[in-house]
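What the coordinates show
Single-letter residue listing:
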Amino acid sequence: MPLLYTIGKIIVGNTMKLGWHPHVEGLEHIPATGGAILAGNHLSVADELFLGSFVPRHIAFWAKSDYFDGTGVRGFFTRNLMHGLGAIRVARTGGRDALTAFDGAIPVLKAGDMVAVYPEGTRSPDGRLYRGRTGVARLAVGAGVPIIPVGMIGTERVQPIGQPYPMPFRGKVTIKFGKPIDVDGRPGDRTALRALTDEVMAEIQRLTGQEYVPRYAPAKAKPDTA
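Fair warning: this is a prediction, and the values are worked out from it, not measured in the lab. By convention here, each chain's residues receive numbers from 1 onward along its written sequence. Where local features are concerned, this predicted model is filtered to residues with pLDDT of at least 70; where side-chain atom pairs are given and counted, the filter is 80 or more; whole-chain, interface and lining totals use all residues. Hydrogens and waters are ignored; side-chain quantities use all the structure's heavy atoms.

Description of the sheet that holds strand β1 (residues 23-25)
For two strands to count as paired, DSSP must find a minimum of two bridges between them. Secondary structure follows DSSP: runs of H or I at least 4 residues long count as helices, runs of E at least 2 residues long count as strands, and numbering of each begins at the N terminus. The strand order across the open sheet built from six strands is β1-β9-β8-β2-β6-β3, with neighbouring strands paired in mixed fashion. Since the sheet does not close on itself, it has two edges, and those belong to β1 and β3 (59-60), each with one partner. When β1 meets strand β9 (residues 174-177), the two strands line up parallel, connected through three bridges. Among the inter-strand pairings, Glu25 is bridged to a residue of β9, identified as Lys176. Of the strands in this sheet, β1, β2 (36-40), β3, β6 (114-117), β8 (147-153) and β9 are in contact with helix α2 (residues 46-54), which crosses β8 at around 120 degrees. Strands in contact with helix α8 (residues 190-208) are β2, β8 and β9; relative to β8, the strand with the most contacts, it is inclined by about 35 degrees. Note on contacts: a residue pair qualifies if any of its non-hydrogen atoms lie within 4.5 Å across the two residues. To get an axis, fit a line to the C-alpha atoms, keeping to the stretch in contact for a helix; angles then go from 0 to 180 degrees between the N-to-C directions.

Structure follows, in structure tokens:
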């Protein structure tokens, strides 16, 4: 685990525990070693903070390319911060650039690290669970690693869309980890990837109890995550 990530985990992790006392279920489903994808619903920017605080291993999160390309003192700081945290660079222009970002995550997974993915592609605008995009399935099959469904409950109250920082002592947060979904022997054709993605979303819904919407979440000017 990168040193900077370890330091952040101690500081942020204790802050999240003291500020919200989250209830956590299913940590036993997190493998001790080996690559795996954490696939969760996305209600708030705080989802990543809670996930990183309670998963006992390093998670390679996605970070927009701007953080890697900045200039001056601020650019130097953010660039080294991203490298120190072990973040994965992703361009936010979509299309081929987004696919390249996923390709870049495959070596990370094959090397035994964990990667967090939000299949909805953006934060839910209304608390419902939207149709997942097949990138999570393509990434899992390409790297040959399991997918661990993650359900976040209550984080939209901690940091609603538009709120710049988490608000302490607001809302009750629950984090649920489901059983790993094995992808060994799964084909990589479009139909199979769609079926695997739907299976993942069904498990996430089972964990959260959210109402499912069988269409993609409304696009924003700048997607929240890869």
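From this point, the narrative continues.
Some points on the environment of Ile204
By the element assignment, Ile204 lies in helix α8. When a residue's accessible area, from a 1.4 Å probe over protein chains only, is under 20% of the maximum for its type it is buried; when over 50% it is exposed; and in between it is partly exposed. The exposure class of Ile204 is buried, given its relative accessible area of 0%. Spatially, the C-alpha atom of Ile204 lies 6.1 Å from that of Val150, the residues being 54 residues apart in sequence. Once residues lying within four places of it in the same chain are set aside, the contact partners of Ile204 are Ala39, Gly40, Asn41, Leu129, Pro149 and Val150.

Details of the packing of helix α1 (residues 3-20) against α2
One way to put it is that α1 packs onto α2 with a least axis distance of 8 Å and a crossing angle of 110 degrees. Of the possible angle classes, the one that applies to α1 and α2 is roughly perpendicular. Where α1 approaches α2, its residues Tyr5, Lys9, Val12, Gly13, Met16, Lys17 and Trp20 are matched on the opposing element by Leu49, Phe50, Gly52, Ser53 and Phe54. Each residue is assigned to one of three groups, with Ala, Val, Leu, Ile, Met, Phe, Trp, Tyr, Cys and Pro labelled nonpolar, Asp, Glu, Lys and Arg labelled charged, and all others, Gly among them, labelled polar. Considering only residue class, the contact of α1 with α2 consists of seven nonpolar, three polar and two charged. Should an angle lie under 35 degrees it is considered roughly parallel, over 145 roughly antiparallel, and from 65 to 115 roughly perpendicular; all remaining angles are considered oblique.

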